[in-house]
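Listed below, chain by chain, are the residues.
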Amino acid sequence: MDLSWSDEQLRLRDAVLSFAERELADDVAARDGSETFPHDLWGRCAKFGILGLPVPEEHGGQGADVMTTLLALETLGYGCRDNGLIFSINAHMWSSAMPILRFGTAEQKAAYLPGLCDGSLIGVQGMTEPDTGSDAFALATRADDDGDGFVLNGSKTFITNAPVADIFVVFAATNPALGALGLSAFLVDRATPGLTVGRPLHKMGLRTSPMSELFFDDCRLDRSRLLGRTGNGIAIFNHSIDWERACILAAAVGTMQRQVDDSVRYAKERRQFGRPIGDFQAVSNRIADMQVRVDASRMLLYRAGWAKQQGVRAPARESATAKLFISEAWVQTSLDAMYLRGGSGYLVESEVERDVRDALASRIYSGTSDIQRNIISNGLGL
C-alpha cells in the first residue's frame, strides 16, 4: 500500500481545507439546535466539487480516484465542524450517485448524475423499514409488476436526506418468495404520485442532517424507473454498502485529528496548580491515546481504500474493520476531548459535546458495530 501523495493530491487537500475553513464556518451550534439543513453550504460544497468527487468527469463529476476522494473527505472533516452536513454528503454520494453510476442506464445516468454532482439534485437511498434494521433484506415493501410497470406499496424509515431529497433509490420485493434474491431497486422522483415524505425524525446527533419516513401508496412506476435488472437489488445494495463501509468515516478521521490538535492547544493554554494542564500525565497521556486512535484509524481507512482502488471489490473484512474501529475510536476520542475540558466541555457552546452526540451514531449507521464484528469473524472462518 502506497500512502505517498502526489503534488496534485496535496494541492487538493490544501484547497479543501481552505474552502472548508472559509466557506463552511457558519454558526453550526445554532443550526444544530434548530435542526436546520444548510442548503447554502450544500450549494457551496457542490460548486467546489465535493459532491461529485468519485463520479467521472463525463457525468459532471471530478473523476477522483478512491484514495484522492478519501483524502479530500478526511480534510473536509478536519476543516468543517458540521458533522451532519458531511453525513448528508456521504449518504448522497454512496447511496444514490454511486449505484446510479454503476447500475444505471445511459438515460438514467444522464438524467441524474450531473444534477447530483452540481447540487441541483439531492439523492438518498430508501432501504430500512420499521421492521428491519440489521436484517436489511427482510423487506415488506413490494413492487408488483402490473404489465405496464410496477406498483410500489410500503414504507421506509430512518431515511437520511428524505425531507430535502429529489431522488430516492428505493428497494422493494418484486418476488417475495425468493427473499433477498427477489429484491429490486427503483429510481423514484419526489413528485411521483403515491410517494409521501413523512414526519421529520428528531435525533440525538447529526441534527443538521434531516431524516424522515417514506410512504408508498399505489406508487406507480414505469419500467424506465427500474435500476439494473429485476432481482438485482441485493447486488446494488451490496455495492452501495461496500462503498459506505469503506469511505463514510473518512471525514471522522479528520474530525478526530482536529480534536487532537484542539486538545493540544487547550492543554497548553489551560493552567491549574500554576502549570499548563498538559504538564500532567493524566492529560498528556489521554491526548497521546487520542492520537494513536487517529493514526490507527487513518491506516485502516486507507487500507480499505487502497484495496478498492486496485479495481476489485474491497474484501468485506477490511471494510468492516475500518468501519468498526473508526466508529469506536471516534466515540472515545470525542469523549476524551470532552473529559479534558471538564465542565466546560459539557456545555453546548464548547461544541465538544456536539461531536460526542454526532459520533455515537457512527456505531449504528451502515451496519452496527456488532454487525461489523460478525463480518470480521465470518472472514476468520467462525
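For the structure, see preceding data.
K.L.:
When you look at the overall build of the protein in this model, what are you seeing that I'm missing?
P.N.:
For the protein, the helix and strand inventory stands at 12 helices and 10 strands. Computed over its C-alpha atoms, the radius of gyration of the protein comes to 21 Å, within 12% of the 21 Å expected for a compact globule of 382 residues. Taking the contacts inside the protein whose residues are at least 6 apart along the sequence as the reference set, 74% of them involve residues at least 24 apart. Computed over 39 positive and 48 negative side-chain charges, the inter-centroid distance for the protein is 4 Å.

K.L.:
In this structure, what is going on with the side chain of Arg 207? I would like to understand it.
P.N.:
In this structure, Arg 207 sits in the loop between β6 (195-200) and β7 (211-222). One polar contact links the side chain of Arg 207 to the main-chain carbonyl oxygen of Asp 32, over a distance of 2.7 Å. At a separation of 3.2 Å, a polar atom in the side chain of Arg 207 contacts the main-chain carbonyl oxygen of Gly 33. In contact with Arg 207, other than residues within four places in its own chain, are Asp 32, Gly 33, Glu 35, Thr 36 and Arg 357.

K.L.:
Before we go on, may I ask you to explain helix α3 (residues 39-48) in this structure?
P.N.:
Each α-helix turn comprises 3.6 residues. Residues three or four places apart therefore point the same way. For α3, the full list of buried residues reads Leu 41, Trp 42, Cys 45 and Ala 46. On an axial view of α3, the arc spanned by its buried residues comes to 145°, and they lie on one face. Two residues or fewer after α3 comes Gly 49, characterised by a positive phi angle close to 115°.

K.L.:
What is the right way to read the packing of helix α10 (residues 316-340) against helix α11 (residues 352-360) from this model?
P.N.:
A pair of packed helices is characterised by two quantities: the angle between their axes and the separation of those axes. Between α10 and α11, whose axes approach to 9 Å, the crossing angle comes to 160°. The pairing of α10 with α11 is recorded here as roughly antiparallel in orientation. When you trace α10 past α11, the crossing you get is left-handed. From α10, Trp 330, Val 331, Ser 334, Leu 335, Ala 337 and Met 338 reach across to α11, where they touch Val 352, Asp 355, Val 356, Asp 358, Ala 359 and Leu 360. Grouping the amino acids of the contact of α10 with α11 by side-chain chemistry returns nine nonpolar, one polar and two charged.

K.L.:
Is there a simple way to explain the pattern of salt bridges in this structure?
P.N.:
Where charged atoms from two side chains of opposite charge come close, those side chains can pair. For the structure on display, the rule yields 28 salt bridges. Notably, a salt bridge pairs Arg 142 with Asp 144, separated by 3.1 Å at the nearest N-O pair. With relative accessibility at 32%, the residue Asp 144 sits in the partly exposed group. A salt bridge links Arg 265 to Asp 262, with the nearest nitrogen and oxygen atoms 2.3 Å apart. With Arg 265 and Asp 262 both in helix α8 (residues 250-269), this residue pair falls three residues apart, about one helical turn.

K.L.:
What is the right way to read the environment of Arg 44 from this model?
P.N.:
Position of Arg 44 relative to the elements: it lies in helix α3. Residue classification places Arg 44 among the partly exposed positions, given a relative accessible area of 33%. C-alpha separation for the pair Arg 44 and Asn 161, spaced 117 residues apart in sequence, amounts to 17 Å. With near-sequence residues (within four places) excluded, Arg 44 lies in contact with Phe 19 and Glu 23.

K.L.:
It is not clear to me how the state of the cysteines should be interpreted in this structure. Could you clarify?
P.N.:
In protein chemistry, a disulfide is the covalent bond that joins the sulfur atoms of two cysteines. The final tally for this structure, using the stated rule, is zero disulfides. Not engaged in a disulfide, the cysteine Cys 247 finds its nearest cysteine sulfur in Cys 117; these two sulfurs lie 15 Å apart.

Conventions we followed
Residues numbered from 1 in each chain as written. Predicted model: local features only at pLDDT ≥ 70, side-chain atom pairs only at ≥ 80, totals over all residues. Heavy atoms only, no water. Helix = DSSP H or I, 4+ residues; strand = E, 2+ residues; numbered from the N terminus. Rg over C-alpha atoms; globule rule 2.2 N^0.38 Å. Contact = heavy atoms within 4.5 Å. Lys, Arg positive; Asp, Glu negative; His and termini not counted. Charge placed at Lys NZ, Arg CZ, Asp CG, Glu CD. Polar contact = N/O pair within 3.5 Å; in protein donor to acceptor, adjacent residues only side chain to side chain. Buried < 20%, exposed > 50% of the residue type's maximum accessible area, 1.4 Å probe, protein only. Arc of directions from axis to C-beta. Axes fitted to C-alpha atoms, helices over the stretch in contact; angles between N-to-C directions. Parallel < 35°, antiparallel > 145°, perpendicular 65-115°, else oblique. Left-handed = near helix turned anticlockwise from the far one by under 90°. Nonpolar A, V, L, I, M, F, W, Y, C, P; charged D, E, K, R; others polar. Salt bridge = Lys/Arg side-chain N within 4 Å of Asp/Glu carboxyl O. Disulfide = S-S within 2.5 Å.

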